[in-house]
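Chain by chain, the residues:
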Amino acid sequence: SGKGGGKGGGKGGRDKGPSDCFKLVRTVVSMGMEPLIVFAFGKRKVEKLAEEMGTLELTVHTERESITQIYENAIQTLSDDDQVLPQVEKMLPLLQRGIAVHHSGLLPLLKELVEILFQEGLVRFLFATETFSLGLNMPARTVVFTSMRKWDGEVFRPPSAAEYIQMSGRAGRRGLDAQGMVVLLLNEEIEAEALQAMMSASPLPLESAFRLRYNTLLKLYALESYDVELLVRRSFYTYQRVGALPEIARRRAALEAEAAALTQPDEPRLRELLAARSERAGCEVAMEAFVRAPKHVLRFLQPGRLCLLEDASRGVSLGWGVLLGWHGTATSAYVGGASVPPERMRASELVLDVLLPCAAGAQALALAGDAPQPAPLHDPSAEAWVLPVRLSCLQQLSSVRLWLPDEVSSPESRRGVLHALRQVFAERRLADASAARQLNLRPLEHLGDRSPACKRAMGLLDAAVAREAQLDAELRRLPAVVLMDVGGETDSDGASGSNGAEASGAHVDGAGCGGAANGSGGATNGSGAGRPAGGATPATLVEREKRLSRKQLLQQQAAGLATEAAGVACDEFGETVRRMQRVLLRLGLVDSERVVLLKGRAAAEVDASDEVLVAELLYRGFFNELSPAAAAAVCSCLVAADMEKIKRPQTPLPALQPPLATLREVATEVARVYTDAGIATDEAEYVQRFDSGMVNMVHAWCEGATFAELCDSCELFEGSIIRAIRRLSELLDELKSAAKAMGNDELFSKLEESCRLLRRDIVFASSLYVEM
């Protein structure tokens, strides 16, 4: 239903036969284990799984009639245009078969309809995201997990113990089932330790989420009888932080002890080598910026060239692939009505078609709207697929090119190209990092970039490479070092016991240093002499570097705990309050006696956005010259940080561009005030929070566009659009209260009209729980 189904991730047809999920569902039916909830981590994946059920029917005639009647009664609350929305029309055929989907992208009315039918036993199979397990008491007999990896905004990881318990706890209905059944559909390997931690870990500890905001401070100041700092000191947050000091000290001591046990000879030289490697890596990143510039790189994007790719947004290395071609995105074709030549495009606007080795099942993931998973080049089960990758993901562009067949659409031809790529590495031309760097395109030699900035960056890179090679050679000439694993453990809950890393000492083979190193390790762990690691085999330089990196990581963690403890000891929260007070005083929200001024009274009414920025905009008359529709559209920027982003936003309407520029200017000024007051603020990141991707959509809605036209204007799910507009409505209500606090009746009337334009049709349709 809705905008389900993703774009295919490569060439070729669909896999034959039923999916694993369909087979499992069919088995559950044969065992009589329904009703069933299938949890998937992704809205598009949920809808794809529901579509895979084919013609499976789980209802009888009388049940289908009841479902149809309930459905028709529910959509009667919608206008005629909204009743024919694709998501609304596609839902009924699924429901009549006893199958439904539930995720945050559904229209609120459809979510409530699914919940009602599931409670009535008319929906046997429900495909849902994890949000269904939160706050809804709707158990089933069986729960299925389609994957054990979820994206948390930074990395892919297994569900936490709390998340797993919340979802799996839906299995088993009180008074109906003797027991519930949970099925894990593992489509990839998962570490036994991660699985055990997920299933047996203790519940998450209760931690205070108290965060002091400016509007809270202003409201407390307005009461006059409250001592803000005393209130903060008596909060559960402060109590919890102070009570954690002994535990912080214990953890810090354990980390420092483990770090001390990792001491080894010639550590200063090793530190220099690691610093040189880090410096060289930084210089390479700077050089890649020149290489990836479209004005330089386009003439080298020939079919067959090898390239190294990384998806920075997911933190996933895609590995080496073979370039097949490139093209511009739809949004980069025209800017301001004029065609843009490719060399003037941004790296994010150019898309490369690259043949990459992918893990088995890549096509099924792509069809479900998920990203195919990369596979090691040497993996014999890896499949070759052509994936679209943005130029900004390019990490290295090699001077090596492969001969390509006339077409690569067939599986056989793709396997042939993958085999040729493997042969390049088998010949060790790119088998190690240093060899790969030698075969990279270099701006001065290959790209013809003779700019002073490029020459300077190239010189720094060459110097860093030479320094790294010198230190590497010096360390390899030193006497061999044998790393020692020290017997015994740290305290019962120390870092060694908790993370599996063993404290260890070291000695230099033939250098007479073994006793001292062993003594140090024994003293740290209180266990006496150690035993040679791996039968006294000398450690390689790589092993020693890993050991030092581990020690530095432990030292950083210990330093972080020391900073945390120092912050608690010096009343960190009180210092935060004082910095916030400086911001309020600087921007004129309070006076020197902490009396709340007119601008401060307006800020105290705002909770749905950054209240300081909103108060500054109101005080400067930002909305005075805007129409009600334009005011609502620009306000969408103020709630953008809490909303799902539009990936390919339209260029803002010409009439909206001046106020948007003003908004960015004021946001920049506020960010600088934060920084001057001692509140760490990334100016660019702060301004970027107020994204303008939704302004055209909101303006069109206020001007009378249909909801179907809104859906066609962006790739967001219908439910995401409604959630964003409702959040905007909450902000407009708060702005009305702020205007009233300032005594600005004209602005109040304008915002009242903005609310009237916004609140109509399906976006603010009544809840079925109220209507029914």
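Coordinates for the structure precede this section.
Quick notes on the rules
- Residues numbered from 1 in each chain as written.
- Predicted model: local features only at pLDDT ≥ 70, side-chain atom pairs only at ≥ 80, totals over all residues.
- Heavy atoms only, no water.
- Pairing = 2+ DSSP bridges.
- Helix = DSSP H or I, 4+ residues; strand = E, 2+ residues; numbered from the N terminus.
- Axes fitted to C-alpha atoms, helices over the stretch in contact; angles between N-to-C directions.
- Contact = heavy atoms within 4.5 Å.
- Core = buried A, V, L, I, M, F, W, Y, C linked by side-chain atoms within 4.5 Å.
- Buried < 20%, exposed > 50% of the residue type's maximum accessible area, 1.4 Å probe, protein only.
- 1 Å grid on protein atoms, 1.4 Å probe; cavity = no way out; pocket = protein on both sides within 12 Å on 5 of 7 lines; lining within 4 Å.
- Points joined across faces, edges and corners; volume = space filled by probe spheres on them.
- Nonpolar A, V, L, I, M, F, W, Y, C, P; charged D, E, K, R; others polar.
- Arc of directions from axis to C-beta.
- Patch = residues over 30% accessible without salt bridge, like charges linked within 9 Å, V, L, I, M, F, W, Y side chains within 5 Å.
- Areas by Shrake-Rupley, 256 points an atom, 1.4 Å probe, with all protein chains shown as cover.
- Salt bridge = Lys/Arg side-chain N within 4 Å of Asp/Glu carboxyl O.
- Lys, Arg positive; Asp, Glu negative; His and termini not counted.
- Charge placed at Lys NZ, Arg CZ, Asp CG, Glu CD.
- Disulfide = S-S within 2.5 Å.

## A short note on the sheet that holds strand β3 (residues 125-128)
Working definition: the strands of a sheet are paired by backbone hydrogen bonds and lie parallel or antiparallel to each other. Pairing in this open sheet of five strands is parallel, and the strands run β2-β3-β1-β4-β7 from one edge to the other. Edge positions in the sheet fall to β2 (99-102) and β7 (181-184), since each has one partner strand and no second. When strand polarity is set aside, the average angle formed by the axes of neighbouring strands in this sheet is 20°. Here helix α6 (residues 108-119) sits on the sheet and contacts β1 (36-39), β2 and β3; the angle it forms with β2, its principal contact strand, is near 135°.

## A few points about the nonpolar core
One finds L95, F127, L613, F623 and F707 to be the most contacted residues of the largest nonpolar core, which totals 147 residues. By residue number, the principal contributor to this core is helix α31 (residues 718-742), which donates eleven residues. Within the second largest apolar cluster, 22 residues are counted, among which are V297, C307, L318 and L397.

## A look at empty space enclosed by the protein
Counted by the stated rule, this structure contains one cavity of 30 Å³ or more. Its boundaries defined by the atoms lining it, the largest cavity holds a volume of some 40 Å³. Lining the largest cavity we find A640, M643, E644, K645, I646, D691, G693 and M694. Among the residues forming the lining of the largest cavity, the class breakdown is four nonpolar, one polar and three charged.

## Digging into the side chain of E545
Within the secondary structure layout, E545 lies in helix α22 (residues 541-569). Every residue in contact with E545, bar those within four places of it in the chain, is listed here: L270, L273, L274 and R277.

## Comments concerning unusual backbone geometry
Between E34 and the following residue, P35, the backbone shows a cis peptide bond with an omega angle of 5°. Checked against the element boundaries, P35 lands in the loop between α1 (20-30) and β1. Backbone geometry places R594, a non-glycine residue, at a positive phi of 65°. As for its placement among the helices and strands, R594 is situated in the loop between α23 (572-586) and α24 (598-603). Residues other than glycine seldom take positive phi values, yet D761 does so here, at roughly 55°.

## Quick notes on the sheet that holds strand β14 (residues 394-401)
An order of β13-β12-β9-β8-β14 is seen for the five strands of this open sheet, with the pairing classed as antiparallel. The strands lining the two open edges of the sheet, one partner per strand, are β13 (383-390) and β14. When the angles between neighbouring strand axes are averaged without regard to direction, this sheet yields 35°. For strand β8 (residues 305-311) and strand β9 (residues 316-328), the ladder comprises six bridges, and the chain directions are antiparallel. Counterpart to E310 in the pairing with β9 is S317.

## Comments concerning the environment of Q555
On the secondary structure map, Q555 appears in helix α22. Considered as a pair, Q555 and E256 are 299 residues apart in the sequence and their alpha carbons are 6.5 Å apart.

## Focus: helix α7 (residues 161-168)
If you check which residues of α7 are buried, you get A161, E163, Y164, M167 and S168. For α7, the arc enclosing every buried residue in end-on projection is 165°, short of the 170-degree limit, so these residues lie on one face. Where α7 is buried, its residues contact β1, β4 (142-145), β5 (150-151), β6 (156-157), β7 and α8 (192-200).

## Looking at a negative patch on the surface
Together, D80, D81, E709 and D712 give the surface a local cluster of negative charge. Among the elements of the structure, α4 (80-83) and α30 (707-713) are those that each provide at least two residues to the negative patch. In this structure, E709 sits in helix α30.

## Concerning a nonpolar patch on the surface
A cluster of nonpolar side chains, L206, F236 and Y239, forms an exposed patch at the surface whose accessible area comes to about 400 Å². Structurally, Y239 is set in helix α11 (residues 236-243).

## Comments concerning the state of the cysteines
The final tally for this structure, using the stated rule, is zero disulfides. Free cysteine: C635, not disulfide-bonded; nearest cysteine sulfur from C637 at 8.6 Å. What makes C635 buried here is its relative accessible area of 0%.

## A closer look at helix α9 (residues 214-223)
Each α-helix winds once per 3.6 residues, and so residues spaced three or four apart point in a common direction. Among all positions in α9, only Y214, N215, L217, L218, L220 and Y221 are buried. Taken from the residues just after α9, E224 is the one with a positive phi, measuring 70°.

## Regarding the pattern of salt bridges
Under the counting rule described, the total for this entry stands at 38 salt bridges. With a shortest N-O distance of 3.2 Å, R157 and E163 are connected by a salt bridge. Close ionic contact of R277 with E468 constitutes a salt bridge, the shortest N to O distance being 2.5 Å. Of this pair, R277 sits in helix α13 (residues 267-292) while E468 sits in helix α19 (residues 452-477), placing them 191 residues apart in sequence. With respect to burial, R277 and E468 carry one shared label: buried.

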